[in-house]
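Architecture and fold: a report
What follows is the residue order along each chain.
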Amino acid sequence: MRTSTVAKAAAFVAFGLWGANPVFADSTGVTDSTIKIGFVGSMTGPAAIWGSGNMAGATLAFEELNAAGGVNGRKIEFITVDDETSAPKGIAGFNRLVQSDKVFAVFGPSSSAVGVPMKATMASSGVPVLIPSFSSPLMTEPPAPNIFRVGAINDRMQGRGIANYLVNTDKRTKIAILRQSDEYGATGAGAVGDRLKELKMAPVANEVFNAADTDFTSQVLRVRSANPDAIVVYGYPAPSAIITRQLREVGIKAEIIGSSATSNQNYPELVGKIGAGTKFVTTLEHQPESDFPAIKKFREAFQKRFPDLARQGRPALGDTLGYAGALTMIEAIRQAGKDLTREGYVKALESMDGYETGISMPTHLSATNREGNTKMYIAVIKDDLTREVLPGAIETK
Amino acid sequence: MLELKNLNAGYGAVQVLNNVSLTVPDRSVVTLLGANGAGKSTTLNTIAGLIKAWSGSIDYRGKACAGVAPHSLVRRGIALVAEQRELFLNMTVIENLMLGAFTRDDKAEVLQSLEQVFDMFPRLAERRSQNTRTLSGGEQQMLAIGRGLMSRPSLLLLDEPSLGIAPILVQEIFAQVRKINQQGVAVLVVEQNASVAMDVATYGYVMENGSISIEGPVETLKADPRIQEAYLGDGSH
Amino acid sequence: MDILQLIANGIPAGVMYSLVALCIVLIHNGTNVVHFGYGDQITFAAYLVVIAQTLFGAPLWLAIASSVVISALFGLFIYLAILAPIRKTPLLVQVIATLAIGTALREGMRAFMGPDPWPFPALVAPRIFNLSGVFITSANVAAVAIAVIITVALFVFFKVSKYGQAIIAACENAKGASIVGISVTKVFASIWIVASVLAAVSAILMAPVVTLSPDMGLIAIKGFCAAVLGGFTSLPGAIVGGILLGLIETTAGYYISTAAKDVVAYGVLIAVVIFMPQGLFGKAQLKKV
């Protein structure tokens, strides 16, 4: 079993092509009236920041669809598994969805730490997987025939986008990088450095921090010694908030820009007034708290459906991406038509070229591209701690 | 008066005490003799509440004591000076003594008791600020007795006060036990060193395999050939 | 002068570790149990403040007061309902019970209050003092000041008061304590109450600085390290161990490299464990058999 898994994964990597996998031609999990969709994601553990939202958003989308009569006459049966932010549990959960529950397709997972180790298992299963949020480029590089991502932006593109923005738009010349010590920080910050090199620049400082740490004085003072005019902080919300505060507290006035992990709406309050002016990457042109009509409609529906989550200040980014991802999935199922097969669903995803959910970035996929979104925006925290998305999408090439 | 009637007790499933009955009248000194492992310490620990009685009764001054927690028995006037002494070795001499008075709130009188203990055992006064760990065995025994007295007990349970102590100190300690008794405190002393115990006590019990085998006034016991052979003799037992 | 800034920030960072270490040592001295759920108890206390404010609209002082009271009761509950009944089981069972308590609190808060970090009200108005180039924040000053007050108060309590002495005595020799009239059960219950009240105090100091999230309790790992540095039996050792760890972390990261920060900090820890198994302040464990 294990050997064949590895062998199949190796085959995908070796040949870099797909389409001939016979598993795709089946319609497992589909009946005349239902489609079984599985969700595996982190509902508990540290990555629940994303997983619980992905699930809540998708739940709302599927319930709305079912209430409106379903897709092509079929209602969605949504089966969920908690990976507890653990890769082995994610793999076991995925296998359960595929082997026991016999789902048609999978939605998730929700974090790099769990998703990347799951990739080989997912690829060899042949079951179509749609990832709605996390950002490790390893999920789409090299591309696996059955694994797609929409809505989010991967860390390599994001890193390049940040470098492009700082150099081309803000005309910064002395850029310091502070990155999380894990793969998330390494990939994103590495991409910033790579792009700077292409732009004939080198970071003036390159410092590392642990996501679970609570004091970053040594990093912050090393950055201060380098006297930068812009600082990239590539990490999770909690450490990024402390770092942003500590940078300001030791008198650093340089521009600060955070990764998309800091694009949650309560982030400005986490940092506090001292963080006004901080920028961050976002893949939502309209933030979940904005009054943009489609967003507002989603927010009101979400809060009505999940009053407990509304109390927590949601919907947040993860919820929004979950909802939008599920809408994208539904659209592909609709396009695949009445005779729904996995092959047809994958073809429908591949044919998406600019599909818009109204609340997330347009999806552009193709027979050779599994990364649905390559665009990002920069937003800024204002003095009153509200957030404003700066006009103009950023080039991530 | 302390009165044990048909007391049975033990550790886990192993029975140690077998129908033990004994009496300690107020203001008296009673000794409990016997070989190592006869159940003497178990008797004291059961009276002090550290071991649960299985059956039988323990009455002190007319109130049932079986099943009462050890810290509550201290408030009823029963103080145990345990065989292992159970001192607070990381604390000073004076801290140990003051903890002996934990159940008392009469601060001025507590300080008076402290002075009495220091009068009784001047070595403790000299070492009052010293860490207990640095005391000799004899000094630790004095401290254990002193700490027991700090609760101002009406009944003092003394478990092998002579154990591991230089003979000269044994004499000193037993001299003080006599003085303690003269102040009105009843004493139940467990000893392997029968001769020194019988010098102080007026009544004695001999324990064998968890049961009382012989009892009587000390003068009678001293004349009993069985006791002379087993516990007095040449001092070896 | 970056060294002064490193010290100015390293001490408050370390003080956070000290507070955790202090209570872990306190509980361990009394019950022999290493409380692996203590960090989560701190997180729980912080969320209690947020819950009182956002769900019940309580003013900050009332929210803090209710957090302290509920946290204390919760500590008592942990002892009476969970740890006291299993006190005769192997130590491993008890330690696992503390882990389970921590996990239940952490995931409970994640489910109830959401996985995202929560903004936490600052106890003191955020201000930055510039002492000729060394920047000191009001939050850090408050944290250190309150930690000093707690330390002095605990010192006085344990050294001077009868009940403090009783706790120390019962921790050292439970049998000895019971034969002088101390209720060991009450002592252990009061240890849990004191530690849980301090969890609430730590939470209020910590959360505005280190960001409140369900995983804030991870700081307890640093608290354990500080406790080990200090010898794991000594309360002053726990305080000094925490501050030292804070200073080692900041200076090692700055002067060597931020990537090597943990290697150096934990290297020091391992060296202490190997060469000074009693820690910097530990007492020799000479228990009579």
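All values reported here derive from a predicted model rather than from experimental measurement.

A separate point is the environment of A:Pro88. Summarising the element assignment, A:Pro88 is placed in helix α3 (residues 87-100). For A:Pro88 and A:Pro117, which are 29 residues apart along the polypeptide, the C-alpha to C-alpha distance reads 8.2 Å.

Next up on the list: the layout of surface pockets. Of the voids in this model, the second largest pocket is the one considered here, and its volume is about 810 Å³. Residue assignment for the lining of the second largest pocket shows that the elements contributing at least two residues are α2 (70-75) of chain B together with α1 (2-31), α3 (60-83), α4 (91-113), α7 (174-179) and α8 (184-210) of chain C. Counting residues per element, the lining of the second largest pocket draws most heavily on α8(C), which supplies four residues. Looking at the lining of the second largest pocket, its residues break down into 13 nonpolar, nine polar and three charged.

Where strands meet in a sheet, backbone hydrogen bonds hold them as pairs that are either parallel or antiparallel. Residue and element names in this part refer to chain A. The seven strands lie next to each other as β7-β6-β8-β9-β10-β13-β14, forming an open sheet whose pairing is mixed. Looking at the sheet topology across the chains shown, the edges are occupied by β7 (205-209) and β14 (387-389). Ignoring which end each strand starts from, the neighbouring axes of this sheet average 25 degrees apart. Alignment of strand β10 (residues 279-282) against strand β13 (residues 377-381), held across four bridges, turns out to be antiparallel.

Scanning the entire structure with this criterion turns up 37 salt bridges over all chains. Close ionic contact of C:Lys162 with B:Asp105 constitutes a salt bridge, the shortest N to O distance being 3.0 Å. Of this pair, C:Lys162 sits in helix α6 (residues 162-172) while B:Asp105 sits in the loop between α3 (93-100) and α4 (107-120), which puts the two residues in different chains. By relative accessible area, C:Lys162 is classed as partly exposed at 27%. Two residues, B:Glu126 and B:Arg127, come together in a salt bridge whose shortest N-O distance is 3.3 Å. Given the relative accessible area of 23%, B:Arg127 is considered partly exposed. Among the ionic contacts, a cluster of salt bridges with common partners joins A:Asp170, A:Arg172, A:Glu255 and A:Lys279.

With that settled, consider the pairing of strand β4 (residues 53-60) of chain B. All names here are of chain B. Across six bridges, strand β1 (residues 2-11) lies against β4 in antiparallel orientation. Residue Leu4 lies in a different strand from β4, and its bridge partner there is Ile58. Summarising the sheet, β4 and strand β5 (residues 63-64) pair through two bridges and their orientation is antiparallel. Looking across to β5, one finds that Tyr60 is bridged to Lys63. The loop that links β4 with its antiparallel partner β5 comprises two residues; one of these, Arg61, has a positive phi angle of about 50 degrees.

This part is about the environment of C:Met113. By the secondary structure assignment, C:Met113 is in helix α4. You can call C:Met113 buried: its relative accessible area is 1%. For the pair formed by C:Met113 and C:Ser213, sequence separation is 100 residues and the distance between their alpha carbons is 9.3 Å. Sequence-distant contacts of C:Met113, defined by excluding residues within four places in its chain, comprise A:Arg311, A:Gln312, C:Tyr47, C:Val50, C:Ile51, C:Thr54 and C:Trp118.

Let us now look at the interface of chain C and chain B. At the interface, 22 residues of chain C touch 26 residues of chain B. Looking at the side of chain C facing chain B, the largest losses of area belong to C:Glu172, C:Ile179 and C:Val180, adding up to 29% of the total buried there. Here chain C and chain B share three salt bridges between them. One salt bridge connects B:Glu86 with C:Lys175, and the closest N-O pair in it is separated by 3.5 Å.

This next bit is on the packing of aromatic side chains. According to the stated counting rule, one finds 18 aromatic pairs over all chains in the structure shown. Taken together, a centroid distance of 6.4 Å and an interplanar angle of 40 degrees make the contact between A:Phe39 and A:Phe107 tilted. Here the residue A:Phe39 occupies a position in strand β1 (residues 34-41), and A:Phe107 occupies one in strand β3 (residues 105-107), the gap between them amounting to 68 residues. Residue classification places A:Phe39 among the buried positions, given a relative accessible area of 0%. Taking NZ or CZ as reference, A:Arg311 lies 4.2 Å from the ring centre of C:Phe112, over its face.

Moving on to the sheet that holds strand β9 (residues 203-208) of chain B. Residues and elements named next belong to chain B. Taken together, six strands build an open sheet; the order of strands is β6-β7-β8-β3-β9-β10 and the sheet is mixed. The strands lining the two open edges of the sheet, one partner per strand, are β6 (78-81) and β10 (211-217). Ignoring strand direction, the axes of neighbouring strands in this sheet form an average angle of 15 degrees. Sheet topology note: the strand β3 (residues 29-34)/β9 ladder contains five bridges and is parallel. Directly across from Leu32, in β9, lies its bridge partner Tyr205. Where helix α10 (residues 225-232) meets the sheet, its contacts fall on β3, β9 and β10, and the angle it forms with β9 comes to roughly 70 degrees.

All names here are of chain A. Cis geometry is found at the peptide bond from Gly108 to Pro109, where omega equals -10 degrees. Examined against the element boundaries, Pro109 turns out to sit in the loop between β3 and α4 (112-125). A cis amide bond links Glu141 with the next residue in sequence, Pro142, at an omega value of -5 degrees.

Rules behind the numbers
- Residues numbered from 1 in each chain as written.
- Chains lettered and ligands numbered in written order.
- Predicted model: local features only at pLDDT ≥ 70, side-chain atom pairs only at ≥ 80, totals over all residues.
- Heavy atoms only, no water.
- Helix = DSSP H or I, 4+ residues; strand = E, 2+ residues; numbered from the N terminus.
- 1 Å grid on protein atoms, 1.4 Å probe; cavity = no way out; pocket = protein on both sides within 12 Å on 5 of 7 lines; lining within 4 Å.
- Points joined across faces, edges and corners; volume = space filled by probe spheres on them.
- Nonpolar A, V, L, I, M, F, W, Y, C, P; charged D, E, K, R; others polar.
- Pairing = 2+ DSSP bridges.
- Axes fitted to C-alpha atoms, helices over the stretch in contact; angles between N-to-C directions.
- Salt bridge = Lys/Arg side-chain N within 4 Å of Asp/Glu carboxyl O.
- Buried < 20%, exposed > 50% of the residue type's maximum accessible area, 1.4 Å probe, protein only.
- Contact = heavy atoms within 4.5 Å.
- Buried area = accessible area lost by both parts, 1.4 Å probe.
- Phe/Tyr/Trp six-rings, centres within 6.5 Å; stacked < 30°, edge-to-face > 60°.
- Lys NZ or Arg CZ within 6 Å of the ring centre and 35° of its normal.

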